[in-house]
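Now for the letters of each chain:
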Amino acid sequence: MSKTIIITGAGRGIGKACAEAFLDAGWRVGLIGRSPEPLEALADRYAGAALALPCDVTDEAQVDAAFDAVVAEWGRLDALFNNAGVSVKGAPIDEVSVEDFRQCMDINVTGSFVCARAAFARMRRQDPQGGRIINNGSVSAYVPRWGSAPYSTSKHAITGLTRTISLDGRAFNIACGQIDIGNALTDMAQAMTQGVPQADGSIAVEPVMDVAHVVSSVMHMAELPLEANVQFMTVMAPGMPYIGRG
């Protein structure tokens, strides 16, 4: 029987690339995102194997309805790729608005919590019990980029969420891991190829990697049997300013 995964932020970038790969590999995929059009276009291409589930990941009622739709359609939920997130334009902390900080935390942290909570509840109560949650962290969960207080704070929080779910999930055969990505070439990372601010005040072009390497990494994590888990994985362009950043 085909396994079932929900992917958040599935309308573009890493989420879309992963959704296509899972569908091509025979998984059934619930597509969560804010904009219905790209989700519906993807679902139309993979009729019967994909469900378009437009919703706001910070709204628990909308998220619960989306997760219920997947379980009603396919009977169970095997995995969640908790991928949806936003960034904030780089600036020193005193130039970052509280509104922008709150929005970043609401989507990146609250949204991840709400979706993980929904997945955990269904995995805990299904038969056979269990499943896997994969959180999209970042290399910024370890080492901040210049001017990134909102984003780096949110990704440090994701690490705490991952560890807590891993601990709480032991009793219910629910595994949780985190993928920390550095400079995958999506629309969000196009600026890297033109030059971005560095910690020393300079502007520099940074190496990037094909998003396909992220996709294969997420698939490896998702396809492991529940007796094994990748707790944390870092996949990155090796020449980027991460090791020794600053």
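This text follows the structure it describes.
Residues numbered from 1 in each chain as written. Predicted model: local features only at pLDDT ≥ 70, side-chain atom pairs only at ≥ 80, totals over all residues. Heavy atoms only, no water.

A. View of the packing of helix α4 (residues 98-125) against helix α5 (residues 149-169). Interhelical geometry of α4 versus α5 gives an angle of 15° and a closest axis separation of 9 Å. In terms of orientation, α4 lies roughly parallel with respect to α5. Both α4 and α5 take part in a crossing whose hand is right-handed. Contact residues: Phe101, Cys104, Met105, Asn108, Val109, Ser112, Phe113, Ala116 and Phe120 in α4; Ala149, Pro150, Tyr151, Thr153, Ser154, Lys155, Ala157, Ile158, Leu161, Ile165, Asp168 and Gly169 in α5. Split by residue class, the contact of α4 with α5 holds 14 nonpolar, 5 polar and 2 charged. (Axes fitted to C-alpha atoms, helices over the stretch in contact; angles between N-to-C directions. Helix = DSSP H or I, 4+ residues; strand = E, 2+ residues; numbered from the N terminus. Parallel < 35°, antiparallel > 145°, perpendicular 65-115°, else oblique. Left-handed = near helix turned anticlockwise from the far one by under 90°. Contact = heavy atoms within 4.5 Å. Nonpolar A, V, L, I, M, F, W, Y, C, P; charged D, E, K, R; others polar.)

B. Region of interest: the pairing of strand β6 (residues 174-182). Among the 9 residues in β6, 9 count as buried, and that is most of the element. Across the two faces of β6 the burial is the same, with Ile174, Cys176, Gln178, Asp180 and Gly182 and Ala175, Gly177, Ile179 and Ile181 all buried. As paired elements, strand β5 (residues 131-136) and β6 share 6 bridges and run parallel to each other. When the sheet's bridge partners are listed, Arg132 is paired in β6 with Ala175. (Buried < 20%, exposed > 50% of the residue type's maximum accessible area, 1.4 Å probe, protein only. Pairing = 2+ DSSP bridges.)

C. Focus on the pairing of strand β3 (residues 50-54). Pairing of strand β2 (residues 28-33) with β3, which is carried by 5 bridges, proceeds in the parallel orientation. Bridge pairing in β3 places Gly30 opposite Leu51. In this region the chain leaves β2, passes through helix α2 (residues 36-45) and returns to the parallel neighbour β3; the handedness of that crossover is right-handed. (Right-handed = clockwise from strand over helix to strand, strands pointing away.)

D. Fine view of the nonpolar core. Ranked by internal contacts, the top residues of the largest apolar core, which has 38 residues, are Ile7, Phe22, Val29, Leu31, Phe81, Ile179 and Val214. Residue assignment for this core shows that the elements contributing at least two residues are β1 (4-8), α1 (13-24), β2, α2, β4 (79-82), β6, α6 (212-223) and β9 (232-236). Per-element tally for this core: the top contributor is α1, with 7 residues. Every residue in contact with Leu31, bar those within four places of it in the chain, is listed here: Ile7, Ala10, Ala19, Leu39, Leu42, Ala43, Ala50, Leu51, Ala52, Leu53 and Pro54. In this structure, Ile32, Phe67, Ala84 and Cys176 belong to the second largest nonpolar core, which totals 27 residues. (Core = buried A, V, L, I, M, F, W, Y, C linked by side-chain atoms within 4.5 Å.)

E. Expanded view of unusual backbone geometry. Note that the residue after Asp127, namely Pro128, is joined by a cis bond; omega there is 0°. Following the sequence through the fold, Pro128 ends up in the loop between α4 and β5. Residue Asn183 is not a glycine yet carries a positive backbone phi of 60°. Along the chain, Asn183 falls in the loop between β6 and β7 (196-197).

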